[in-house]
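Chain by chain, the residues:
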Amino acid sequence: MAAKVSPLAGKIADPSMLVNIPRLVTAYFANQPDPSVPAQRVAFGTSGHRGSAFNNAFNEAHILAVSQAVCDHRKKAGVDGPLFIGIDTHALAEPALVSALEVFAANGVEVMIDADGGYTPTPVISHAILTTNKGRTSGLADGVVVTPSHNPPEDGGFKYNPPNGGPADTEITSVIERAANEYLQDGLKGVRRIPYERALKAACVHRYDYIGPYVADLANVVDMDAIRDAGVKIAIDPLGGAAVRYWQPIIERYRIDATILNDAVDPTFRFMTVDWDGKIRMDCSSPYAMARLIGLRDKFDIAFANDTDADRHGIVTRSNGLMNPNHYLAAAIAYLFAHRPQWRADSAVGKTIVSSAIIDRVAGKLGRRLVETPVGFKWFVDGLIGGAFGFAGEESAGASFLRRDGSVWTTDKDGLILGLLAAEMTAQTKRDPSQLFETLTSEFGVSYYERIDAPATAAQKNLLKALSPDKLAIKDLAGDSVRAVLTAAPGNGQSFGGIKVVTDNGWFAARPSGTEDVYKIYAESFRSESHLRQIQDDAQRAIDGAFRS
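1. Quick look at the environment of Thr439
- If you trace the backbone, Thr439 turns up in helix H15 (residues 433-444).
- Thr439 sits 108 residues away from Ala331 along the chain, and the two C-alpha atoms are 9.1 Å apart.
- A polar contact of 2.5 Å, which involves the side chain of Thr439, links it to the backbone oxygen of Leu436.

Now the structure itself:
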């Protein structure tokens, strides 16, 4: 049942694997998507529109259409403050920024671009939106991040964050998606655009210092003094992503003992070790993509990396190497709620429905309400803004938490503060996060968790989205009686586009992939590794049976 691992996994990418950047950028400008082909239309998933110029899924026409649709939405919603825009280090980010600016400037949108033409992490955009909007009722800011997250080098991505600073909800993205596809179908008729040179000189386009305000504010969310005073020895690998120019100012301002292992920016990402499936992917939760940093664990007290837009974190400890994202979330939750006395007494823990159940047990011991949502950070935005959530995280190594005074920090995932939090935890407890997690397992049991993929056709994926408990017809799972079968998240009653089966000793959830011909199986056992494999096997048999019937 386990996914087949490529023989290239964990090895430095061979030159033959590197994407041809000139051809990719040429395809962005030269290729024309066909709106009658579903795969070539604008499609907003949980993190915006993504795709490659090579397969006509992320081309100039897409970005022109989406940018105009964003302008239309802003006008209708009455959003007339500055639009903060940032890009990551993927090759398609720069050309997409050019296309977007041509449209935003033509529409008279007040656009804030990086002062030095650099890269901007997703959480920095969220932070800029929230700090600008604080205390305002008009002239509200919003933002765009040009990023496909940790996806391979040939991919591009474009996502919109409204004035709440977090990922746009389905109501907003469906409006933008529909309008963008109408522009595509009409040959971009109605899209306003001026040449790039004129756009850069337009009175509505402004240079903005993203680095300074974010770095200066960090001490209000993480105890930077404790990290410095304890002398925690830190290693940081930006994985060639948007955080690359942020870490040196952080090190200098707070005088922490940190080493940046790699400050190279190369759109081929030739310095990466290959991921499990033989692809280059900047996934900081993958032991294959993180092989180099794991190999240095003995030289540092704590080490961490971020994905390309720095909204995810990968934590490497001296005691146990790369942490499972769920394990780190559990340890971070236990630590934060014990070391943030100014947080509200009723601040809850937010987690996605496919995150580890050990988080449930930790929240229960803390006496904190647990709110379980569908996949997607958008579900946590309102709770973080009002302080109702002290911490919100998802199984894919993305999380954020409140400032030390209990007010909102970001409403999008922030991989930088999660890395720095690992250093704070080490400084304050004299134990690294892996050791802190071990204390949790002694009380709550050992968690065996894994996500794998299984093949599925488009028809099967649609069936899985609509699969009901009676059609799955499962009463036992890996030797245990089924306690619950869920198609909606308990925390808000929203459908999560799949199904989850729960017993007293484990669970599995299955969801269709939005971009590949597979479905994802998340599974966890509190018994053993072999019990986890049995859960996975039973899960696939049950779902295959539903497909056949």
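2. Structural notes on the sheet that holds strand E4 (residues 111-114)
- Taken in spatial order, the seven strands of this open sheet run E1-E2-E6-E5-E3-E4-E7, and their pairing is mixed. This sheet does not close on itself; its edge strands, each paired only once, are strand E1 (44-45) and strand E7 (205-208).
- Where strand E2 (residues 48-52) meets strand E6 (residues 155-161), four bridges bridge the pair, whose relative direction is antiparallel. Within E6, the residue paired with Ser52 across the bridge is Asp155.

3. Examining the side chain of Thr120
- With respect to the helices and strands, Thr120 occurs in the loop between E4 and helix H4 (122-133).
- Thr120 has contacts with Gly86, Ile87, Asp114, Ile125, Tyr210, Ala242 and Tyr246, leaving out every residue within four places of it along the chain.

4. Re the pattern of salt bridges
- Inspection of every chain in the model, using the stated rule, returns 29 salt bridges.
- Of the charged contacts, one joins Arg281 and Asp277 as a salt bridge, the two residues approaching to 2.9 Å between their closest N and O atoms.
- On the accessibility criterion, Arg281 (12% relative accessible area) is buried.
- The salt bridge involving Asp346 is made with Arg344; its shortest N-O contact spans 2.9 Å.
- Overall, the relative accessible area of 47% leaves Asp346 in the partly exposed class.
- Accessibility expressed as a relative area gives 36% for Arg344, which makes it partly exposed.
- If you follow the salt bridges from partner to partner, you end up with Lys159, Asp309, Asp311, Glu394 and Lys413 in one network.

5. A closer look at the state of the cysteines
- The full count for this structure, using the stated rule, is zero disulfides.
- Here Cys204 is not disulfide-linked; the sulfur of Cys71 is the nearest cysteine sulfur, at 9.6 Å.
- Its relative accessible area of 9% is what places Cys204 among the buried residues.

6. Quick word on the packing of aromatic side chains
- Scanning the entire structure with this criterion turns up 15 aromatic pairs.
- The interplanar angle of 80 degrees and the centroid separation of 6.2 Å between the aromatic rings of Tyr214 and Tyr246 together place this pair among those described as edge-to-face. Taken together, the residues span a long stretch of sequence, with Tyr214 in helix H7 (residues 211-217) and Tyr246 in the loop between strand E8 (234-237) and helix H9 (247-254) at a distance of 32 residues. In this structure, Tyr214 and Tyr246 share a single accessibility class: buried.
- Look at Phe377 and Phe380: their rings are 5.1 Å apart centre to centre, the planes differ by 75 degrees, and that puts the pair in the edge-to-face class. For the pair formed by Phe377 and Phe380, the shared burial category is buried.
- Cation over ring: Lys233 sits above Phe300, and NZ or CZ is 5.7 Å from the ring centre.

7. With respect to the packing of helix H12 (residues 358-366) against H15
- In contact at an axis separation of 11 Å, H12 and H15 are set at 85 degrees when each is read in the N-to-C sense. Between H12 and H15, the interaxial angle falls into the category roughly perpendicular. Only Phe437, Leu440, Thr441, Glu443 and Phe444 of H15 make contact with H12, whose side of the interface consists of Ile358, Arg361, Val362 and Lys365.
- Split by residue class, the contact of H12 with H15 holds five nonpolar, one polar and three charged.

Scoring rules and cut-offs
- Residues numbered from 1 in each chain as written.
- Predicted model: local features only at pLDDT ≥ 70, side-chain atom pairs only at ≥ 80, totals over all residues.
- Heavy atoms only, no water.
- Helix = DSSP H or I, 4+ residues; strand = E, 2+ residues; numbered from the N terminus.
- Polar contact = N/O pair within 3.5 Å; in protein donor to acceptor, adjacent residues only side chain to side chain.
- Pairing = 2+ DSSP bridges.
- Contact = heavy atoms within 4.5 Å.
- Salt bridge = Lys/Arg side-chain N within 4 Å of Asp/Glu carboxyl O.
- Buried < 20%, exposed > 50% of the residue type's maximum accessible area, 1.4 Å probe, protein only.
- Disulfide = S-S within 2.5 Å.
- Phe/Tyr/Trp six-rings, centres within 6.5 Å; stacked < 30°, edge-to-face > 60°.
- Lys NZ or Arg CZ within 6 Å of the ring centre and 35° of its normal.
- Axes fitted to C-alpha atoms, helices over the stretch in contact; angles between N-to-C directions.
- Parallel < 35°, antiparallel > 145°, perpendicular 65-115°, else oblique.
- Nonpolar A, V, L, I, M, F, W, Y, C, P; charged D, E, K, R; others polar.

All quantities given are derived from atomic positions and should not be read as evidence of function.
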